[in-house]
Amino acid sequence: MMRIIDFKRLKSLSSSVDFSPHQLIQRCSVSGTSKGKAKVKGGQTLKRSKVSTKKGKTTEPTEKPKGRRTSEYEKMVRDCLDASAPVRHLKPKEIAREAEREKMGLISKERAKEIEMMKKKKSESESGSPAIMGTPGLDLITLGLVDAEKIPKYELTVEDGRRLAKEYSRVLMRKHRARQAAESTLLRLKKEAIEALPENLKGAALVPDLTPFPVNRFMATLTPPIEGHFEKINEAARKSSVKEKLR
Amino acid sequence: MQRSATTLSRSLMATRGFCTSNSDKIVASVLFERLPVVIPKIDPVVYAFQEFSFRWGQQYRRQYPDDFLKKSDARGKGDYQIDYVPAPRVTEADKNNDRRSLQRALDRRLYLLLYSNAFGAPDGKPVWHFPEKVYESEETLRKCAECALQSVIGDLSHTYFVGNAPMGHMVMQPTEKVQDLQPLKRFFFKSQVIATNKFNIEKCDDFVWVTKDELLEYFPEQADFLNKMIIS
């Protein structure tokens, strides 16, 4: 009786086990000794459970014509990721080491790049053209938003930066306070006007107007709208989309 | 709250005199404004600071390769008409000082003024005034103002009246110098131009679209009131 029961148990156990690769992962070493433990890395599938894929063969013939484009792209990506930062982070030990090496006459690559950059900077600052901010055609100076002559002169130093920041803050705060004062006068005038209305009209005036704002109110932009430009763009877009559909 | 109410009532008593509100003529006038089309000029100090902070930060920024930065200039197949020459901010109407066109001071607000025989003015002489209408028995004063604007412009599809309440009032008492008819109360309603460039202004001899400074020239006596009511 005991043997029959044992058999049944064994059969149920075997039927429940699926032979999937993850079941064959060796989680721990079996032997009681420390020998051989180094070779077992946790969670690695055993070699006999690997299924060889056929994907490697199909990608080979298509690699060659794409090769140049991918390599250009890869090159650009690598350049971006390795882009040089103008200031290197050096610990004090490293600074001391570099200074000593320079005395001996050995200059590292990064130090050489730094020296080149300093030379370039000097030549640029001597030429002295104002730096252009933003896209060349649409920046604020060429558009006439700022008078280039009235900009105060400054060097790129900390004291000048602080002075400019103080003036900036002063100007903006003055404007802000003026605007707040003007808005509160507006509100006061409105309240006085409502008070001055006769009784029958006052009730109607006090009802808040909750109809939604018009959605097509024009928002002020950098340059004025060009007549007919919008229709031209729409025409071009429609034509190009129609051509694609006919194909 | 109580203090403000008492001061208000005191000021009202001072201006009104006796409460003869029934015999006063009430006029609803409209301040019709066109909002700025272009952003206003930037103070050079503000620009200097922005430029300084940009250049200071630029010193510490990584330099990415140029062809990566030029990728944004690449144009797709169908985009051949996206690049454009920006229109000038100072238009022809600015150079000709053509006050009737709406294309004049694009970075400021423009207000409409009419020149005709207005209500509260001495008879027979056309004066510069805002579009207005005497209040008869309509429902609200805002509807009266809408009628006033409609009679001048034609239809109200391109206007937006801001709120039900007036934004200011003017009390005109008859003086010895000017022969006014009766004491007059003028309530101003604010409305804005929506989505047009031109208007057909009828029923008046002349009309102008003026900025705030020019507006103060047209009304020398009421200059400080208008200064308070109109911000820019």
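Just so you know, these numbers come straight off a predicted model, no measurement behind them.

From N to C terminus, chain A includes eight helices and zero strands. In sequence order, chain A lays out its α and β elements as α-α-α-α-α-α-α-α. Across the 247 residues that make up chain A, the buried fraction comes to 13%. Contacts spanning at least 24 positions in sequence make up 23% of the contacts within chain A whose residues lie at least 6 apart. With the model as given, the accessible surface of chain A reaches about 21,800 Å², and the carbon-plus-sulfur share is 58%.

Considering all chains together, one arrives at 16 salt bridges over all chains under this definition. With a shortest N-O distance of 3.7 Å, D79(A) and K75(A) are connected by a salt bridge. Remark: K75(A) and D79(A) occur in helix 2 (residues 55-81); sequence separation between them is four residues, near one turn of the helix. With relative accessibility at 35%, the residue D79(A) sits in the partly exposed group. The partner of R142(B) in a salt bridge is D209(A), with the nearest N and O atoms 2.9 Å apart. Of this pair, R142(B) sits in helix 5 (residues 141-153) while D209(A) sits in the loop between helix 7 (199-206) and helix 8 (229-246), which puts the two residues in different chains. Look at the salt bridges and you will find they share partners, linking D160(A), R163(A) and E167(A) into a network.

With that settled, the discussion passes to a nonpolar patch on the surface. Together, Y73(A), V77(A) and L81(A) give the surface a local cluster of nonpolar side chains, amounting to about 320 Å² of exposed area. The topology assignment puts V77(A) in helix 2.

What follows covers the interface of chain B and chain A. On the side of chain A, 80 residues touch chain B, which itself brings 71 residues to the contact. With both chains or domains summed, chain B and chain A bury close to 6,700 Å², and 69% of this area falls on carbon and sulfur atoms. Applying the counting criterion to the chain B and chain A interface returns one salt bridge. The interface formed by chain B and chain A contains seven residue pairs in polar contact (both at pLDDT 80 or more). Those elements giving two or more residues to the side of chain B that touches chain A turn out to be helix 1 (2-16), helix 2 (44-59), helix 3 (66-69), helix 5, strand 5 (159-161), strand 6 (168-172), strand 7 (184-193) and helix 7 (223-229) of chain B. With 13 residues, the single largest contributor to the side of chain B that touches chain A is helix 2 of chain B.

All names here are of chain B. Under the definition given, this model contains 11 aromatic pairs over all chains. Ring geometry for W128 against Y218: centres 4.9 Å apart, planes inclined by 75°, an arrangement best described as edge-to-face. Of this pair, W128 sits in strand 3 (residues 127-129) while Y218 is found in helix 6 (residues 212-218), placing the two residues 90 residues apart along the sequence. For Y218, a relative accessible area of 22% corresponds to the partly exposed category. An aromatic cluster is defined as three or more aromatic residues linked by ring pairs; in this entry it consists of F130, F188, F219 and F225.

Residues and elements named next belong to chain B. With 81% of its residues at a pLDDT of at least 70, chain B reaches an overall mean of 79. Element-level pLDDT for chain B is lowest in helix 1, with a mean of 46, against a maximum mean of 89 in strand 2 (residues 110-116). Low pLDDT, under 50, characterises residues 3-21; the predicted model gives this stretch nine contacts beyond four residues in sequence or across chains. For this predicted complex, the interface confidence reaches an ipTM of 0.79, while the overall pTM sits at 0.70.

Residues and elements named next belong to chain A. Overall, the predicted model of chain A reaches an average pLDDT of 74, with 63% of residues at or above 70. Mean pLDDT per element in chain A: helix 1 (residues 2-16) is the minimum at 49, and helix 6 (residues 158-196) is the maximum at 92. Across residues 10-19, where pLDDT falls below 50, the model places two contacts with residues more than four positions away in sequence or in other chains. When the criterion is pLDDT under 50, residues 56-63 qualifies, and its contacts beyond four places in sequence or with other chains add up to zero contacts.

About the thresholds
Residues numbered from 1 in each chain as written. Chains lettered and ligands numbered in written order. Predicted model: local features only at pLDDT ≥ 70, side-chain atom pairs only at ≥ 80, totals over all residues. Heavy atoms only, no water. Helix = DSSP H or I, 4+ residues; strand = E, 2+ residues; numbered from the N terminus. Buried < 20%, exposed > 50% of the residue type's maximum accessible area, 1.4 Å probe, protein only. Contact = heavy atoms within 4.5 Å. Areas by Shrake-Rupley, 256 points an atom, 1.4 Å probe, with all protein chains shown as cover. Salt bridge = Lys/Arg side-chain N within 4 Å of Asp/Glu carboxyl O. Patch = residues over 30% accessible without salt bridge, like charges linked within 9 Å, V, L, I, M, F, W, Y side chains within 5 Å. Buried area = accessible area lost by both parts, 1.4 Å probe. Polar contact = N/O pair within 3.5 Å; in protein donor to acceptor, adjacent residues only side chain to side chain. Phe/Tyr/Trp six-rings, centres within 6.5 Å; stacked < 30°, edge-to-face > 60°. pLDDT = per-residue confidence, 0-100.

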